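# A closer look at the structure
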Amino acid sequence: MKVLQEAETSKVRNFYEGDETLRLILEDTLDGEFLSYAKRELQLFGEKCANDIDERAKHTDREGEPRLIRYDKYGEETCEIWVNEGYKRTVDETYRTGIVGYVHKEIPELGHKGNYTYSFAQGYLLSQTEPGFYCPVTLTMATAYLIDHYADEQLKEKFLGHVCATGDKPLFEGATFLTERQGGSDVGANVVRAEKDGEHYRLYGEKYFASNVGMCGVAMVLARIEGEQEGSRGLSLFAVPWRKENGELNGLRVRRLKDKLGVRAVPSGEVEFDGALAYVVGDKEGGFYYMMEALNLSRVCNAVASVGIMRRALVEAKEYASRRHAFGKRLTDFPMVQDSLGKLAAKLHVELATVFDLIQLYEKVTNNEVTEREIVLNRLFIAIMKKESAEQAIHFSHETIELLGGNGYIEDFVTPRLLRDAQVLTVWEGTANILGLEL
Ligand SMILES: Cc1cc2nc3c(=O)[nH]c(=O)nc-3n(C[C@H](O)[C@H](O)[C@H](O)COP(=O)(O)OP(=O)(O)OC[C@H]3O[C@@H](n4cnc5c(N)ncnc54)[C@H](O)[C@@H]3O)c2cc1C
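Residues numbered from 1 in each chain as written. Predicted model: local features only at pLDDT ≥ 70, side-chain atom pairs only at ≥ 80, totals over all residues. Heavy atoms only, no water.

## Examining the pattern of salt bridges
Let me state the cut-off plainly: Note on definitions: salt bridges are taken to be side-chain nitrogens of Lys or Arg within 4 Å of carboxyl oxygens of Asp or Glu. Helix numbering and strand numbering both begin at the N terminus, where a helix is a DSSP run of H or I of at least 4 residues and a strand a DSSP run of E of at least 2. Residue burial is assigned from relative accessible area. The probe radius is 1.4 Å, only protein chains are included, and a residue is buried under 20% of its type maximum, exposed over 50%, and partly exposed in between.
Applying the stated rule across the entire model yields 48 salt bridges. The salt bridge partner of E93 is K48, with a shortest N-O separation of 3.7 Å. Note that E93 is positioned in helix α4 (residues 85–96) and K48 in helix α2 (residues 32–50), a separation of 45 residues in sequence. For K48, a relative accessible area of 30% puts it in the partly exposed group. Close ionic contact of R253 with E77 constitutes a salt bridge, the shortest N to O distance being 3.1 Å. One end of the pair, R253, is in strand β10 (residues 252–257); the other, E77, is in strand β2 (residues 77–82), with 176 residues separating them in the sequence. Residue R253 is classed as partly exposed on the basis of its relative accessible area of 22%. Taken together, the salt bridges that share partners define one network made up of R70, E77, R181, E206, R253, R255, R256, K258, E270 and E272.

Shown next, in the form of structure tokens:
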């Protein structure tokens, strides 16, 4: 007797192929040459995501999660983050597609920049397989955004090329550190302090939730310059290189990595600053405002990760139900199973279209092509879609576990990982209450 009675399709899996909603969105939003380029590249990336990256993601989640190696063999504190070889390949292959870089620089083949629509289409495919790694990608997107929009020419020269690297330069992944022990939602309670040292600053204090520690080349950090007022208005934004030019740690250490429910691919840790060299970004009074702008981008990324998980859940549920028999029939022949799958499919179609509508508006806002009203609507829609899609990602993962029956609960299948990964999407980048308050 077999678990699945119908044969597996011989076709190579590809997350791009067969996604009619995504195809329609791309055809609606990209023009001729860019559209052909995007379709070709997404076809290639969709296959990679469904196969190689998926295999590696499974390994990273179960046996190969990042580890902190605090001291080297001579007892020096180096705070290396060990990641497995497959993860390194996923990092390399993904950034080379320009998922971050081509939002800010030319796509050589086209002679013009890419855009967020294309980047988010890539992110949607990636988060169907590895939402844990999509987190560092989105942190790097936020870092690139902050440097490109607010840093002076010297800082851009120093960091932007590395943050946007596509194989042409050593890559600096990014990170955004706001949360401290006493407050994640209440960022105004931040106490990490910045002391003036010549032209730049030195940071002291601790960040309690810091994703991509040790993997990032540069982190964007909120801190309070000595003597500045309390609350969020007294915060400044700093670009903090992880290492000095000689390779030593830049006056910081990782206290520990968090042992997390999901998104295990990304090392999330606690960071202690003890005199880290920090470059102020933009006006020192503008730190909180800049970070809120980056947070808006991260919330769109969160919605993209959510629809990615929703699609993967639906694909898994459909595939399993069409191959599994019960009571002498295929599961998909039962009206109640059809009803569940139909509702998920309809919901995904609507959510995906809405998220990409929002991305169109976001794109206009970042290009300064909008009215005051659209700027307000953009904020409003981002908050609503972040909350809505994150909750749907959990719902889809839960429904899919049920549709797979007992196997859905077993870690050999992707379904438990989908649920564990989805659960964080309602927490980071603002909980439902905080989003509600912002509205
Ligand atoms: C895996 C992971 C990775 C993370 N990575 C990062 C990172 O890289 N950088 C970073 O800066 N942060 C990071 N975070 C932190 C994350 O952003 C915060 O956990 C989140 O913002 C919530 O903050 P908190 O944990 O302090 O919860 P709290 O702020 O203590 O909130 C607890 C609860 O109280 C509610 N609440 C709080 N204030 C109000 C209010 N005024 N009205 C009603 N309800 C309220 C919240 O909605 C929530 O349900 C990460 C978190 C996780 C889990």
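## Remarks on the site of the ligand
How we decide: By convention in these notes, a residue is near a molecule or strand provided one of its non-hydrogen atoms lies within 4 Å of it. Here a polar contact is taken to be a pair of N or O atoms separated by no more than 3.5 Å, where protein atoms must pair a possible hydrogen donor with a possible acceptor and residues adjacent in sequence count only if both atoms sit in side chains. The Shrake-Rupley method, run with a 1.4 Å probe, gives the accessible areas here. Residue values count only the displayed protein chains as cover. Detection works on a 1 Å grid of protein atoms alone, calling trapped sets that fit a 1.4 Å probe cavities and calling open sets with protein on both sides within 12 Å along at least five of seven lines pockets, with lining residues defined by an atom within 4 Å of a point. Just a note on the criterion: a molecule sits in a pocket or cavity if more than half of its atoms are within 2 Å of the grid points.
Taken together, 19 residues are adjacent to the ligand, and T179, G184, S185, S211 and T431 come closest. F209 is positioned such that a nitrogen or oxygen atom in its backbone is 3.1 Å from a nitrogen atom of the ligand. For the ligand, the protein covers 63% of the area, taking 970 Å² as the surface of the free molecule. Here the ligand occupies the largest pocket. Where the shell around the ligand is concerned, the elements lending two or more residues are β5 (176–177), β7 (200–211) and α13 (432–438).

## Notes on the pairing of strand β11 (residues 268–280)
The following threshold applies: Strands were regarded as paired on the criterion that DSSP finds at least two bridges between them.
In terms of strand pairing, β7 meets β11 through nine bridges, oriented antiparallel. Residue A210 lies in a different strand from β11, and its bridge partner there is G269.

## What to know about helix α7 (residues 131–150)
Selection rule: Take the residue count of a helix, subtract one, and multiply by 1.5 Å to get its expected span.
Helix length check: α7, at 20 residues, gives a terminal C-alpha distance of 28 Å against a target of 28 Å (1.5 Å per residue), a fit within 8%. Burial runs high along α7: 18 of the 20 residues are buried.

## Points about the domain arrangement of the protein chain
Just so we agree on the cut-off: These domain limits were set by an automatic method or by a database of domain assignments. Accessible-area loss on putting two parts together, using a 1.4 Å probe and summing over both, is the definition of buried area adopted here. Classification convention: Asp, Glu, Lys, Arg as charged; Ala, Val, Leu, Ile, Met, Phe, Trp, Tyr, Cys, Pro as nonpolar; all other residues, Gly among them, as polar.
Each assigned domain of the protein chain is listed here: domain 1 (20–163), domain 2 (176–285) and domain 3 (288–438). Its C-alpha centre places domain 2 at a distance of 30 Å from the equivalent point of domain 3. Buried area between domain 2 and domain 3, summed over both chains or domains, comes out near 1,200 Å², and the portion from carbon and sulfur atoms is 73%. Viewed at the interface, domain 3 and domain 2 are joined by zero salt bridges. Summed over the shared surface of domain 2 and domain 3, the result is three residue pairs in polar contact (both at pLDDT 80 or more). Every element with two or more residues in the side of domain 2 that touches domain 3 is listed here: β5, β8 (218–225) and β9 (235–241). Considered class by class, the residues forming the side of domain 2 that touches domain 3 number ten nonpolar, six polar and two charged.

## Some thoughts on the nonpolar core
Keep this limit in mind: As used here, the term nonpolar core means buried Ala, Val, Leu, Ile, Met, Phe, Trp, Tyr and Cys residues forming a set that is joined through side-chain atoms within 4.5 Å. Any pair of residues with heavy atoms lying within 4.5 Å of one another is described as a contacting pair.
Core analysis: the biggest nonpolar cluster contains 124 residues, and F120, Y134, F177, L203 and F273 have the highest contact counts within it. Looking at this core element by element, the count peaks at 18 residues for helix α9 (residues 287–323). Ignoring any residue separated from it by four or fewer positions in sequence, one finds F120 in contact with Y134, M141, L297, V300, C301, V304, F356 and I359.

## A look at the layout of surface pockets
To keep things clear, this is the line we draw: Grid points are joined across faces, edges and corners, and a volume is the space filled by probe spheres set on the points.
Roughly 1,100 Å³ of internal volume is contained in the largest pocket. Forming the boundary of the largest pocket are 45 residues, of which T179, V427, W428, E429 and G430 lie nearest the centre. It is α9 that contributes the most residues to the lining of the largest pocket, ten residues altogether. Classifying every residue of the lining of the largest pocket by side-chain character gives 24 nonpolar, 14 polar and seven charged. By volume, the second largest pocket is sized at about 620 Å³. Lining the second largest pocket we find 22 residues, and of these N14, E17, G18, R311 and V315 sit closest to its centre.

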